[in-house]
Amino acid sequence: MVSIGVRVPRRQEEIFIPGPIALEDPDKVWGRDRVDLRRLYSDYPKHMNQSTFRLVFTFIANQRLRDLIKRYFRARVPFWRPATFRPYLKHAKPFLTRLGEFYPDLDSFTHLTREMIEPALNHPYWIDQTGAQRPITAYRRAKMASFLDVMFTYMRLHDWPEAPVRPLIFPEDKIGRGFRRPRPIPESVLAQLDAHLHLLHPYARNLVEILRVVGLRAEDAMHLREDCLDWDAAGDPRLRWYNHKMKREGRPLPVTNEVAEAIKRQRELVKEIPDHFGARYLFRTEYGLYQFESLCYQLTSLSKKVPLRGPDGEVFRLRPHAFRHTVGTQMLNNGMSIIDVMTYLDHRSPMMTLNYTQIYDETLKQKFKALVQSGYATGGVALVALKEQLDRGDESELDWVVSNLRRLSLPWGYCLHHAKAPKCPYGQNACFTKDNGPCHKLVTTPDHAPVIVATLEDLKKSRGIAREKGWEMYANDLGDQIDGMEKVLSELELPAEERPHNRRSQPAK
């Protein structure tokens, strides 16, 4: 049938078994060419399809080479998570298939050379067992090379007689797709999603309401227990959960009343559902656990049906992990520190959390650009020059300002003193007095007014005390600062179009 272009449906290899799978002797499991990893692990992700844990090695024609690859995969059982085996085998499949076609009698890697592997490593496609042609993207080629490098290195380090005698994979083979930044869901899409949540399956709706607020990984959310909802000393709801990636209990997370209601609704849905795993999972079904594929299907169907439009006007494809990216980005945008976000998301290291700052910086850039162009801020020639650059479409100076904005931020505004310029000799005390008035590099907005007003009141009190003590020079200095602050406040009280935007540096009188 394949020869005439008809794809033959795959035969069901095993009957679906709800609940846990009985463990077996590893020798017996690895003696088969179709390995079910659930027979080796008592703890595996219950939300994944059973095919995720099934390894099929029959595509390797040479039996001895097949046994060698199986031996390597077996050696990784103590170190790999159950759901990672199949992707690794998928990465290696095009190479091993092509290598078997070129060298059908090859039963080890001992005599393998770079010249022998390059045609298999760099081929643009491969033919699977159904006869279909599968393209090999640069990303997949890099994944394939990375896997092979690790496997060959492991065999050499452990003195396997079948190991290559020399390195065969080079760094340039592993260059694929560049780093991908976190991709939060745009606010406009979230608003559309909120308006159509009722169209989702009840399980998917409750999951989305949890993911939107808490930002858990899908695996952690779908393995929540019925007793996951807790209450703190103040009576506010919080979520108890388990971090499956880090293999540890997560810190209880504060949640909204809407999340608490979603959990209560889900409890009602599973009240009569059999507990196959004996773990009282919140999202259990009659067949085991609610499947990750089902959640993805629900989100994709909703996006197409409504449809949910992204900023570009195209249908926006929702992915469960994007909710985690969204929560992390929103926390940074709302002023939370890197450490706070790292702790909340339970990241392994700060480097993972720092990825979110790239999104934050882009958001900050757009906000500051809008601030400059709107006339909302008041300032001097530095602000005027920046606005003129932006009007010409030149954002080079803006990029520098935003990347240094945390350092440039003052309680009463932003200082646009460039890093390449000589260091400001006056410090913050001269912000309101340097140019016989406010410094021409100081940018203030109405948001800074409360701080300026509070500081102004303190300065007036200090000036009064200085005059009583007869400290005229000190009182005059305070008076200059007071005059500068009052000038800024008077500028902020004007309509945006009437504010002076050309405050210039003036020589001292």
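For the structure itself, consult the block above.
Residues numbered from 1 in each chain as written. Predicted model: local features only at pLDDT ≥ 70, side-chain atom pairs only at ≥ 80, totals over all residues. Heavy atoms only, no water.

**Q** What's the story with the overall build of the protein in this structure? I'm lost.
**A** Scanning the protein from terminus to terminus reveals 18 helices and 14 strands. By the burial criterion, 44% of the 509 residues in the protein qualify as buried. When contacts within the protein are restricted to residue pairs at least 6 apart in sequence, those whose partners lie at least 24 apart make up 62%. (Helix = DSSP H or I, 4+ residues; strand = E, 2+ residues; numbered from the N terminus. Buried < 20%, exposed > 50% of the residue type's maximum accessible area, 1.4 Å probe, protein only. Contact = heavy atoms within 4.5 Å.)

**Q** Even after reading the chapter, I still don't get the pattern of salt bridges, so can you show me in this structure?
**A** Where charged atoms from two side chains of opposite charge come close, those side chains can pair. Enumeration according to the criterion identifies 28 salt bridges in this entry. Here Lys 70 ties to Asp 33 by a salt bridge, and the two come within 3.2 Å at their closest N and O atoms. In this pair, Lys 70 sits in helix α2 (residues 63-75) while Asp 33 sits in the loop between α1 (26-30) and β1 (34-36), placing the two residues 37 residues apart along the sequence. A relative accessible area of 5% means that Lys 70 is categorised as buried. Across the pair Arg 280 and Asp 275 runs a salt bridge, and its minimum N-O distance is 3.9 Å. (Salt bridge = Lys/Arg side-chain N within 4 Å of Asp/Glu carboxyl O.)

**Q** Before we go on, may I ask you to explain the packing of aromatic side chains in this structure?
**A** Tallied over the entire structure, the rule returns 19 aromatic pairs. Between Phe 102 and Tyr 103, the ring centres sit 6.4 Å apart and the planes meet at 80 degrees, which makes this aromatic pair edge-to-face. Residue classification places Phe 102 among the partly exposed positions, given a relative accessible area of 35%. The class for Tyr 103 is partly exposed, based on a relative accessible area of 29%. Aromatic side chains Phe 109 and Phe 152 sit 5.1 Å apart centroid to centroid with 65 degrees between the ring planes, which places their arrangement in the edge-to-face category. Highlighted residues: Phe 109 in the loop between α3 (85-102) and α4 (114-121) and Phe 152 in helix α5 (residues 138-157), separated in sequence by 43 residues. Like Phe 109, the residue Phe 152 is buried in the burial classification. Grouping aromatic residues by their ring pairs yields a cluster made of Tyr 41, Phe 57, Tyr 72, Phe 73, Trp 80, Phe 85, Tyr 88, Phe 147, Tyr 154 and Trp 160. Over the face of the ring belonging to Tyr 44 we find Lys 46, whose NZ or CZ atom lies 4.8 Å from the ring centre. Here the guanidinium or amino end of Lys 46 rests over the ring plane of Phe 277, the centre of that ring lying 5.5 Å away. (Phe/Tyr/Trp six-rings, centres within 6.5 Å; stacked < 30°, edge-to-face > 60°. Lys NZ or Arg CZ within 6 Å of the ring centre and 35° of its normal.)

**Q** Would you mind going over the side chain of His 223 with me for this structure?
**A** Along the polypeptide, His 223 turns up in the loop between α8 (218-222) and β5 (229-231). Within the structure, the side chain of His 223 is placed 2.7 Å from the backbone oxygen of Glu 219, a separation counted as a polar contact. (Polar contact = N/O pair within 3.5 Å; in protein donor to acceptor, adjacent residues only side chain to side chain.)

**Q** Hey, could you run me through the nonpolar core in this one?
**A** Generally speaking, soluble globular proteins have nonpolar side chains that are buried together. Leu 193, Val 214, Leu 216, Leu 224, Leu 239, Ile 263 and Tyr 290 are the most contacted members of the largest nonpolar core, which totals 46 residues. Looking at this core, the elements with two or more residues in it are α6 (187-195), α7 (202-214), α8, α9 (257-269), α10 (292-305), α11 (320-333) and α12 (338-345). Top element by residues in this core is α7. It accounts for seven residues. Core analysis: the second largest hydrophobic core is formed by 45 residues, Val 35, Tyr 41, Leu 96 and Ala 145 among them. (Core = buried A, V, L, I, M, F, W, Y, C linked by side-chain atoms within 4.5 Å.)

**Q** Just to check I follow, could you spell out the packing of helix α17 (residues 449-469) against helix α18 (residues 472-493) for this structure?
**A** Packed helices, taken two at a time, are described by the angle between their axes plus the distance between the axes. In contact at an axis separation of 9 Å, α17 and α18 are set at 155 degrees when each is read in the N-to-C sense. For the element pair α17 / α18, the angle class is roughly antiparallel. Here α17 and α18 pass one another in a crossing that is left-handed. From α17, Ala 449, Ile 452, Val 453, Thr 455, Leu 456, Leu 459, Lys 460, Ser 462, Arg 463, Ala 466 and Arg 467 reach across to α18, where they touch Tyr 474, Ala 475, Leu 478, Gly 479, Gln 481, Ile 482, Met 485, Glu 486, Val 488, Leu 489 and Leu 492. Tallied by class, the residues present in the contact of α17 with α18 amount to 14 nonpolar, four polar and four charged. (Axes fitted to C-alpha atoms, helices over the stretch in contact; angles between N-to-C directions. Parallel < 35°, antiparallel > 145°, perpendicular 65-115°, else oblique. Left-handed = near helix turned anticlockwise from the far one by under 90°. Nonpolar A, V, L, I, M, F, W, Y, C, P; charged D, E, K, R; others polar.)

**Q** Would you mind showing me how to read the packing of α7 against α9 here?
**A** Contact geometry of α7 with α9 gives a least axis separation of 9 Å together with a crossing angle of 150 degrees. When the interaxial angle is binned, α7 and α9 end up roughly antiparallel. For the element pair α7 and α9, the recorded crossing hand is left-handed. Contact residues: Pro 202, Tyr 203, Arg 205, Asn 206, Glu 209, Ile 210 and Val 213 in α7; Glu 258, Val 259, Ala 262, Ile 263, Arg 265, Gln 266 and Leu 269 in α9. Residue composition of the contact of α7 with α9, grouped by class: eight nonpolar, two polar and four charged.

**Q** Just to check I follow, could you spell out the side chain of Asp 36 for this structure?
**A** As for its position among the elements, Asp 36 is in strand β1. Of note is the side chain of Asp 36, whose polar atom sits 3.0 Å from the side chain of Arg 38.

**Q** Help me understand the environment of Glu 457 in this model?
**A** For Glu 457, the position within the fold is in helix α17. For the pair formed by Glu 457 and Ile 482, sequence separation is 25 residues and the distance between their alpha carbons is 9.0 Å.

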